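Descriptive structure summary
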Amino acid sequence: MGDGLPMDKIRNLSLRKTILLYMTAALLCSFILSAVIARIAIRVQLHVWWHYVDEEAYFEAVKQEGPYFLTDISRPQAYEMTQTDYFVSELCDFLQTYTVLVLSMAGSCGAVFLFYRNKLRRPIAELAAASKQIAKNQLDFGIAYESRDEMGVLCREFERMREQLAGNNRILWRTIEEEKMLRSAIAHDIRAPLTVLMGYQEMLAEYLSDLLGKDIDSGQAMEMLTESGRQIERMDAFVEAMRKVSSLENRKPAVADISLRQLAEEIRAELTVLEKEYGKQCVLQVAKAQEGFRGDKEIILEVTENLLSNALRYGKQQIVITVRMAYSELHICVRDDGEGFQEDIEMVTEAFHGKNVKDSLKHAGIGMYISRLYCEKHGGRLVLENDEQGGAVVTAVFCRIA
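All of the points below concern the structure found in this document.

Criteria and thresholds
- Residues numbered from 1 in each chain as written.
- Predicted model: local features only at pLDDT ≥ 70, side-chain atom pairs only at ≥ 80, totals over all residues.
- Heavy atoms only, no water.
- Helix = DSSP H or I, 4+ residues; strand = E, 2+ residues; numbered from the N terminus.
- Contact = heavy atoms within 4.5 Å.
- Salt bridge = Lys/Arg side-chain N within 4 Å of Asp/Glu carboxyl O.
- Buried < 20%, exposed > 50% of the residue type's maximum accessible area, 1.4 Å probe, protein only.
- Phe/Tyr/Trp six-rings, centres within 6.5 Å; stacked < 30°, edge-to-face > 60°.
- Lys NZ or Arg CZ within 6 Å of the ring centre and 35° of its normal.
- Pairing = 2+ DSSP bridges.
- Axes fitted to C-alpha atoms, helices over the stretch in contact; angles between N-to-C directions.

Following the sequence through the fold, Gly-315 ends up in the loop between helix H8 (297–314) and strand S4 (318–326). Along the sequence, Gly-315 and Gly-338 sit 23 residues apart, while their C-alpha atoms lie 4.2 Å from each other. Other than its neighbours up to four places away in sequence, Gly-315 contacts Lys-280, Asp-336, Asp-337 and Gly-338.

Within this structure, the stated rule accounts for 12 salt bridges. Close ionic contact of Arg-160 with Glu-157 constitutes a salt bridge, the shortest N to O distance being 2.9 Å. Here Glu-157 and Arg-160 lie together in helix H5 (residues 150–209), a separation of three residues that amounts to about one turn. Take Glu-157: its relative accessible area is 40%, and that puts it in the partly exposed class. With a shortest N-O distance of 2.7 Å, Glu-159 and Arg-162 are connected by a salt bridge.

With that settled, consider the packing of aromatic side chains. What the rule picks out here adds up to two aromatic pairs. Ring plane angle 90° and centroid distance 6.5 Å describe the contact between Tyr-22 and Phe-115, whose orientation is recorded as edge-to-face. Here Tyr-22, found in helix H2 (residues 15–50), pairs with Phe-115, found in helix H4 (residues 83–135); they are 93 residues apart in sequence, far enough to count as distant. With respect to class, Tyr-22 is no different from Phe-115; both count as buried. Note that Arg-162 overlies the ring of Phe-141, its terminal NZ or CZ placed 5.3 Å from the centroid.

Glancing now at the sheet that holds strand S5 (residues 329–336). What the five strands build is an open sheet, ordered S2-S4-S5-S7-S6; its pairing is mixed. Lying at the two open borders of the sheet, with one neighbouring strand each, are strand S2 (281–286) and strand S6 (381–386). Sheet twist, expressed as the average angle between the axes of neighbouring strands with direction ignored, equals 15°. Of the strands in this sheet, S2, S4 and S5 touch helix H7 (residues 260–278), which is tilted by about 175° from S2. Across the face of the sheet, H8 comes into contact with S2, S4, S5, S6 and strand S7 (392–399) while running at roughly 15° to S5.

Function cannot be inferred from these measures alone, as they are strictly geometric.
In structure tokens, the structure reads:
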């Protein structure tokens, strides 16, 4: 493992430091190699020239000047050398003069090539492939370049952008599916009461047509009028529910500081009203917390009211509400002693979901749906579970808003 650490450090160097390192290494190697080649060229050239030196005169000169005197080997004339020796001599001159320049250029080109291959080629290829995938609206891929240099940062930002796009696409498709479901629910929920009203109107018209000649069954007529009024109330509740759903898109959280004590007092006041309405016992438990919470109190109270109304409708005797802080989250848990969720839990938070037909006369089936949307708008979530001892447990989680 110790041998791999320097390579990891080099691999994670910034682009500027990496190209500087590559160029320095390339130029250093070029200079050393140039010196070696120039030295060899001098030796070869002197060896060629020695063939054309008067050896007796050369050694006589050395003998006269002493053992420490160096006598240069004179360059022979071109006409004195053979064609091969002349070519070798000229080549040695060229190597001594231009080797540094040629090798420096070659080393620089090699450094640039290595820099591109090791630092740029892979991330550029991955980014190009990712761009093509995004252009095709295919977001189920990942960028695996893990270096900590600038290209690694760029790849991680690109991956973050891809994840954000994928999340936005999921939200968009979810919104489209919910809109389809809303349109289907609108068609169904409006058609039913209208059909009932049309039938009663036809029957009343038949009675009125015989008003002068026959007696009217007043009891049956009153029953039809009462049922017509109930259907009108049902349509009015449905229209009000649609208004609430439409207003969700434009509503933004009104952020303010909230203390758990203040929140508990408002929930307790709401419980007093609901206990009288449903005739069931409600127990409020508030965990102690040193810090407060920052969020939209109206959204939190509306979600709490929806959860309580749902629990009181299906609970038998007692409802337990727990309010606590966990890190930067506010948890409001409502537990009833009813039968729990008998159907698919995911369907409970869908719009216009009702457990039975009678509920639809007073409840449009969007309480849990609105609660889920409000929790998500507040950065949290809505968690639905069945208690092991029986009953449903619904927890609304709200995240602190800065």
